[in-house]
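# A look at the structure
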Amino acid sequence: MAKGFSKKIATGITMMMVGTAIGLSAMSSYAQPIPKEKQGGKEYLTFQSVCTTCHDASRVQNYSGTLPWPEVITQMRSFGAFVTDDQTKEIEDYLQKTYPR
Ligand code: HEC
């Protein structure tokens, strides 16, 4: 009786761990980190701090629209993004350099 009970607990714990592992791997495939070679510098940091508050950077990496970056930034402003003129310049430079379009 006691044996069967602890086996049930062990099974429960195993299932919990499997669930966590599946959850973690699903999460990591969803959030794509920016490749190392595309990071670096002040412009990158400005981009990270301004542009990943509402969505993650994969939105930018996977952008397949036709707007040039300055217009995308204008569009984000209309969604409520707060970007100073200096930051806009830095982000434009960064995006143009990193994801030319
Ligand atoms: C205030 C919140 C907010 C901030 C800050 C923000 N965005 Fe967005 N962004 C959005 C929303 C909301 C959408 C989704 C719009 C849609 O699905 O049509 C979006 C979507 C996007 C897309 C995809 C557009 C498309 O048509 O697929 C790109 C690219 C993008 N954002 C770039 C940026 C960049 C670059 C910055 C930094 C300057 C930024 N975002 C900051 C709210 C924000």
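Here the structure is a predicted model, which is why all the values come from computation and not from measurement. (Residues numbered from 1 in each chain as written. Predicted model: local features only at pLDDT ≥ 70, side-chain atom pairs only at ≥ 80, totals over all residues. Heavy atoms only, no water.)

### A few points about the coordination of the iron atom of the ligand
As a reminder of what qualifies: Metal-coordinating donors are taken as N, O and S atoms lying within 2.8 Å of the metal, or within 3.2 Å when the metal is Na, K or Ca; because water is left out, some sites can appear incomplete. Geometry assignment treats four donors as tetrahedral when all angles are between 85 and 135 degrees, treats four as square planar and six as octahedral when opposite donors are over 155 degrees apart and all others between 65 and 115, and treats everything else as irregular. Segments assigned H or I by DSSP are reported as helices when at least four residues long, segments assigned E as strands when at least two residues long, and all are numbered from the N terminus. Only protein chains enter the accessibility calculation, which uses a 1.4 Å probe. A residue is then buried if its area is under 20% of the maximum for its type, exposed if over 50%, and partly exposed in between.
Every protein donor of the iron atom of the ligand is accounted for by H55 (NE2) and M76 (SD), and the metal-donor separations fall at 2.0 to 2.1 Å. Coordination at the iron atom of the ligand is octahedral, judged from the 6 donor atoms that bind it and the angles of 87 to 179° they form at the metal. With H55 in the loop between α2 (41-51) and α3 (58-61) and M76 in helix α4 (residues 69-78), the pair connects residues that are 21 residues apart, well separated along the chain. Owing to a relative accessible area of 26%, H55 belongs among the partly exposed residues under this scheme.

### What about the packing of aromatic side chains?
Basically, it comes down to this: Under the pairing criterion, centres of Phe, Tyr and Trp rings, with the six-membered ring standing for Trp, must be within 6.5 Å; the plane angle then separates stacked pairs below 30 degrees from edge-to-face pairs above 60, leaving the rest tilted. Criterion for a charge above a ring: Lys NZ or Arg CZ within 6 Å of the ring centre, and within 35 degrees of the ring normal.
Counting across every chain of the model gives 3 aromatic pairs. Taken together, the ring pairs connect Y44, F47 and Y94 into an aromatic cluster. Lying across the ring of W69, R101 places its NZ or CZ 4.9 Å from the centre.

### Considering the site of the ligand
Inclusion rule: Only heavy atoms are used to decide nearness, and a residue is near a molecule or strand if one of them lies within 4 Å of it. Contacts described as polar in this section are N or O atom pairs within 3.5 Å, which, within protein, must combine one atom able to donate a hydrogen with one able to accept it, while residues neighboring in sequence count only if both atoms come from side chains. Space inside and on the surface of the protein is sampled on a 1 Å grid over the protein atoms alone, with a cavity defined as a set of points where a 1.4 Å probe fits but cannot get out and a pocket as an open set with protein on both sides within 12 Å along at least 5 of 7 lines; lining residues have an atom within 4 Å of a point. Put plainly, a molecule is in a cavity or pocket when over half of its atoms are within 2 Å of the grid points there. All residues other than Ala, Val, Leu, Ile, Met, Phe, Trp, Tyr, Cys, Pro, Asp, Glu, Lys and Arg, Gly among them, are scored as polar; the first ten of these are nonpolar and the last four charged.
Within the structure, the ligand sits among 14 residues, and C51, C54, H55, M76 and A81 are positioned closest to it. Contact distances for the ligand include 2.8 Å between a nitrogen atom and a side-chain N or O atom of H55. Within the side chain of R59, a nitrogen or oxygen atom sits 3.3 Å from an oxygen atom of the ligand. Given that more than half its atoms are within 2 Å of the pocket grid, the ligand belongs to the largest pocket. When contributions to the shell around the ligand are tallied by element, the ones reaching two or more residues are α2, α3 and α4. Residue classes in the shell around the ligand are distributed as 10 nonpolar, 3 polar and 1 charged.

That's the geometry; what it means functionally is another story.
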